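Fold and contact review
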Amino acid sequence: ASQALGEQLVAHPDNALALAEPYQLAGARQRIMRAVGADPEQPVTGTAGAPAALAGAPAVLALRHAYRAELVRLAAADLAFETELATVSKALADLAGDVLHAGLAVARAGLPENATPCRLAVIAMGKTGGRELNYVSDVDVIFVAEPAGGADESAALATATKLASELMRICGQAAWEVDAALRPEGKSGVLVRTVASHLAYYERWAKTWEFQALLKARVVAGDAELGQAYLDAVSPLIWSAAERPDFVADVQAMRRRVVEHLPADVIDREIKLGPGGLRDVEFAVQLLQLVHGRSDESLRQRATLDALAALRDGGYVGRDDALSLADAYTFLRIAEHRLQLFKLRRTHLVPADEAALQRLARAMGFRPDGRGDAVAVWRSEWALHAREVRRLHEKLFYRPLLEAVARVPTDALRLTEDAARRRLEALGYSDPSGALRHLQALTAGVSRRAALQRTLLPVMLSALADAPDPDAGLLAYRQVSDALGASPWFLRLLRDEGAVATRLARLLGTSRYVANLLVRAPEALQLLADDEQLRPRRRPELELLMATAARRQDGLVQTAHAVRSLRRVELLRIAFADLLGLAGDAEVRTALSELADATLSAGVSAARRLVAAELGLAEPGVNFAVIAMGRLGGQEIGYASDADVLFVFDAGPGVPEPAKQAHRIAERLRELLTAASSDPPLRLDASLRPEGSSGALVRSLDSYAEYYERWASIWEAQALLRARFVAGDPALGERFIELIEPRRYPPRGLQPEQVLEIRRIKGRVDAERLPRGADPHTHTKLGRGGLADIEWTIQLLQLRFAHSVPGLRTTATLAALLAAVDAELLGQDEAAALEASWRFASRARDAIMLVRDKADDQLPKPGKVLQAVGEVLGYRPGFEAGQLLDDYRRAARRARRVVESVFYEG
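In this report, we go over the structure that sits alongside the text.

Cut-offs and rules
Residues numbered from 1 in each chain as written. Predicted model: local features only at pLDDT ≥ 70, side-chain atom pairs only at ≥ 80, totals over all residues. Heavy atoms only, no water. Helix = DSSP H or I, 4+ residues; strand = E, 2+ residues; numbered from the N terminus. Rg over C-alpha atoms; globule rule 2.2 N^0.38 Å. Contact = heavy atoms within 4.5 Å. Areas by Shrake-Rupley, 256 points an atom, 1.4 Å probe, with all protein chains shown as cover. Lys, Arg positive; Asp, Glu negative; His and termini not counted. Charge placed at Lys NZ, Arg CZ, Asp CG, Glu CD. Disulfide = S-S within 2.5 Å. Phe/Tyr/Trp six-rings, centres within 6.5 Å; stacked < 30°, edge-to-face > 60°. Buried < 20%, exposed > 50% of the residue type's maximum accessible area, 1.4 Å probe, protein only. Lys NZ or Arg CZ within 6 Å of the ring centre and 35° of its normal. Axes fitted to C-alpha atoms, helices over the stretch in contact; angles between N-to-C directions. Parallel < 35°, antiparallel > 145°, perpendicular 65-115°, else oblique. Nonpolar A, V, L, I, M, F, W, Y, C, P; charged D, E, K, R; others polar. Core = buried A, V, L, I, M, F, W, Y, C linked by side-chain atoms within 4.5 Å. Expected span 1.5 Å × (residues − 1). Polar contact = N/O pair within 3.5 Å; in protein donor to acceptor, adjacent residues only side chain to side chain.

1. Observations regarding the overall build of the chain
When helices and strands are tallied, the chain shows 38 helices and ten strands. Computed over the C-alpha atoms, the radius of gyration of the chain is 39 Å, more than 25% above the 29 Å expected from 2.2 N^0.38 for a compact globule of 906 residues. Each principal axis of the C-alpha atoms in the chain carries an extent, and together these give about 125 × 65 × 50 Å. Partitioning the contacts of the chain with sequence separation of at least 6, the portion at a separation of at least 24 is 73%. Roughly 37500 Å² of accessible area belongs to the chain as shown, and the carbon and sulfur atoms make up 50% of that amount. The distance from the centre of the 115 positive side-chain charges to the centre of the 118 negative ones in the chain is 1 Å.

Spelled out as structure tokens, the structure:
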């Protein structure tokens, strides 16, 4: 396994005698110190302490032999698999410290007797500092010095510099290069500084990477007391570095630069610097430490595996992820050790030739199995670990939560009661005491769930504070957390997956509609992790899902739950996409309408099956169809819209009591979709049927034909403009639409008296239906320039001209508006005014429902609700409330002028 150490044994056969004993690190320092003739019991703290008896070339040679002898002992135990990686790495780091200690004694022996007294501490950095050293590596150090015995500082530093320089020369010849490039100003900076000089540099000039490097700083030789003073001085700076502007982005960019500068011909063989290599693990762990370690001292570990275990125990990294990373890191480090052991050369490249690969695989203990020979097995393991490291590196290193946590002041991360109260007040929570109770309930105890909440809550509090209603959002977050109980995936999702935590905070602090639905369907949170999952589903997919779920159920209650629970999740999907700006207004209206269509379709199928079971039939003999009316017919419903419908049936000869069968299907459908449940209802409104609420709920096709022929009023023809087959028997639905075509699109248009009648009815609506106390200038439905004004105007044009303008034969408001422009029935400016007001009013109604979870056609007065409504509508946070009201009034006034010109005068 090691040609170099084999040669060492040939040259020094006595080294082999030590292999008869089990390996023990204890005693290595004493053996090395004795080799150079120094007293192992005497400290060497600079100019103080006993110098070595040997100096010059004999000392270097003695130190080299002693170091190699210890290396033989350790490598033998390692290669015989008697020690674990962590033990080997710690032993190598401690051995490096022993060599530095002995080297300092040798350097001390070379000082003149009149040298100015000084204290010198050697601070190990990098892998030596972290006690995770590999066999062949530079040993990174920083030197700290102070005058001793009242000596002049400048002269003392000169002595310390000589000591440090000689130490680097001695160790470089005896063992490995000593690299002091991590010192302030790097290689261009002075070699030795005082504690105060170090501190001044770090406070004013240090870059982000320098604080990352200090994570592993450890005193390994020289004056231990001085070294500790240095560590105590720089520690607060390390654990506040994450608050620096762009800290997270700087660390991420540094890692990317390392990969970008790797030569293309070696990148796939680099187990240290390449993608999926050791650096990916180390950078991810160190970034998590620096961000979260500000408030959690348990994360202040030097060694990568120790830090990873602490991150796991603290809930910052999932158990499975931590295990995968630890396994991969161990594999890669052992591979690095075996590569370097062969010739004791510094390398991190997997060899290209087969013989070297065979040696590497066997030295790591791999043997042939079903995957092939030892090399094939090794390659398979390497590929698996590299993929897992890269996946987890991307997941952890680029976790959006890190940037969010880094933006939270350190004091705010410590959720003591006083600190939390001050933080809540500073963030603008209206009820800090109530919010504090929520925090205490969420973080009580020592469970992993409580630990994860303590990690997440500082970020959630800040994100909620940016939402319109932080207090309501925090209450909703607690309710969702309570609803999920001990479910492990919920908090892991917030911690690990994309921007879920900040998205959730935004949603809960803005929308009671979302908050109340989420409490009943918390599993829908998983949709927030993937933008693709937030694309609303189309009707065919929804129908299939709902019909499949309904068929698997027995009884009305179970069937209703199966259909409506799917609808509930889909409502959340649409609301998520809407509030997060991932779906436009038209897409939201279409999605809500298609969801209602699919729900009705699945409901009709389920209702028919239930009725058949009640009647003891294989299938009801009656044909049944649902006709959408109103905004559902136009496929432009909102979150608060009822489903306006007509029920029609038909039956062939021999079907017993078809009207009763059809009525029973309609009743079961209503029960399925509106019965009391934790799932939101789809309320069916059949009041547009012939004779209104006093008429039969369900009519035959012939009955509709007779009624529309003999009794229908002009307003009923107007209502039929929105009629659209939506569910049930397609042939029957098509026949119904054919029946009403001449009613809603009169062959010769409207007679003057019919136009007057429509205007009279509209006048009554304006006078009688506006709620008492409502402001007609900001009522989105019945106010001046509101939805009713615009829709009646367009519908009047349809009734008058659709017989000659085919484009007007549509159930959609805006489609009819465009057709009217094409037919020159409206000017471009007139249409633009109507469309702008219609869109504004429709969107405002949806925003009110999303914010309040309560339907309202009246724009709120200035206050928290209007602020939230405005933000949903796209206004910037903190906008002037009057601006929204002014914008709406302006749009409505312009629309009203068109309505007066076209509807009342045209």
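2. Focus: the state of the cysteines
Scanning the entire structure with this criterion turns up zero disulfides. In this model C118 remains outside any disulfide bridge; the closest cysteine sulfur is found in C171, 16 Å from its own.

3. As for the packing of aromatic side chains
Evaluation of the coordinates by the stated rule reveals 16 aromatic pairs. Taking the centre distance of 6.2 Å and the plane angle of 80° together, the rings of Y67 and W176 count as edge-to-face. Of this pair, Y67 sits in helix α3 (residues 56–79) while W176 is found in the loop between α6 (153–174) and β3 (178–179), placing the two residues 109 residues apart along the sequence. Across the pair, exposure class does not vary: Y67 and W176 are buried alike. Relative to F879, the ring of Y875 has its centre 5.0 Å away and its plane inclined at 35°; by these criteria the two rings are tilted. Taken together, the ring pairs connect F331, F366, W378 and W382 into an aromatic cluster. Above the ring of F342, the side-chain terminus of R359 is found at 3.5 Å from the ring centroid.

4. Some details on the packing of helix α10 (residues 247–260) against helix α11 (residues 278–292)
Orientation of α10 relative to α11, taken along the N-to-C sense of each, is 170°, at an axis distance of 11 Å. In terms of orientation, α10 and α11 fall into the roughly antiparallel class. Between α10 and α11, the contacting residues are F247, V248, V251, Q252, M254 and R255 on the first element and R279, D280, F283, L287, L290 and V291 on the second. Here the residues of the contact of α10 with α11 are counted per class, giving eight nonpolar, one polar and three charged.

5. Re unusual backbone geometry
You will see that E185, though not glycine, has its phi angle at about 70°, which is positive. Phi angles above zero are rare outside glycine, and E824 is one such case at about 60°. Mapping E824 onto the fold places it in the loop between α35 (813–822) and α36 (828–852). On the basis of relative accessibility, which here comes to 72%, the residue E824 falls in the exposed class.

6. Here's the deal with the nonpolar core
Grouped together as the largest cluster of nonpolar side chains are 150 residues, with contacts concentrated most on Y477, L504, L518, L600 and F647. In terms of residue count, helix α27 (residues 585–615) provides more of this core than any other element does, 13 residues in total. What L600 contacts, discounting residues up to four positions off in sequence, is L632, V645, L669, L673, L682, L684, V726 and A727. In terms of nonpolar packing, the next biggest core, distinct from the first, is built from 68 residues, A213, L278, L299 and F331 among them.

7. Some points on helix α32 (residues 730–744)
Its 15 residues place the ends of α32 20 Å apart at the C-alpha level, agreeing with the 21 Å of an ideal helix rising 1.5 Å per residue. In the core, the buried residues of α32 are packed alongside β6 (623–628), β7 (643–650), α30 (701–710), α31 (714–719), β10 (724–728) and α34 (787–801). Two or three places before A731, at the start of α32, stands the capping residue D729, its side-chain oxygen 3.2 Å from that residue's backbone nitrogen.

8. Some remarks on the environment of A303
Relative to the assigned elements, A303 resides in the loop between α11 and α12 (304–313). Taking relative accessible area as the criterion, A303 reaches 10% and is therefore assigned buried. Once residues within four sequence positions are removed from consideration, A303 is found in contact with G130, E132 and K216.

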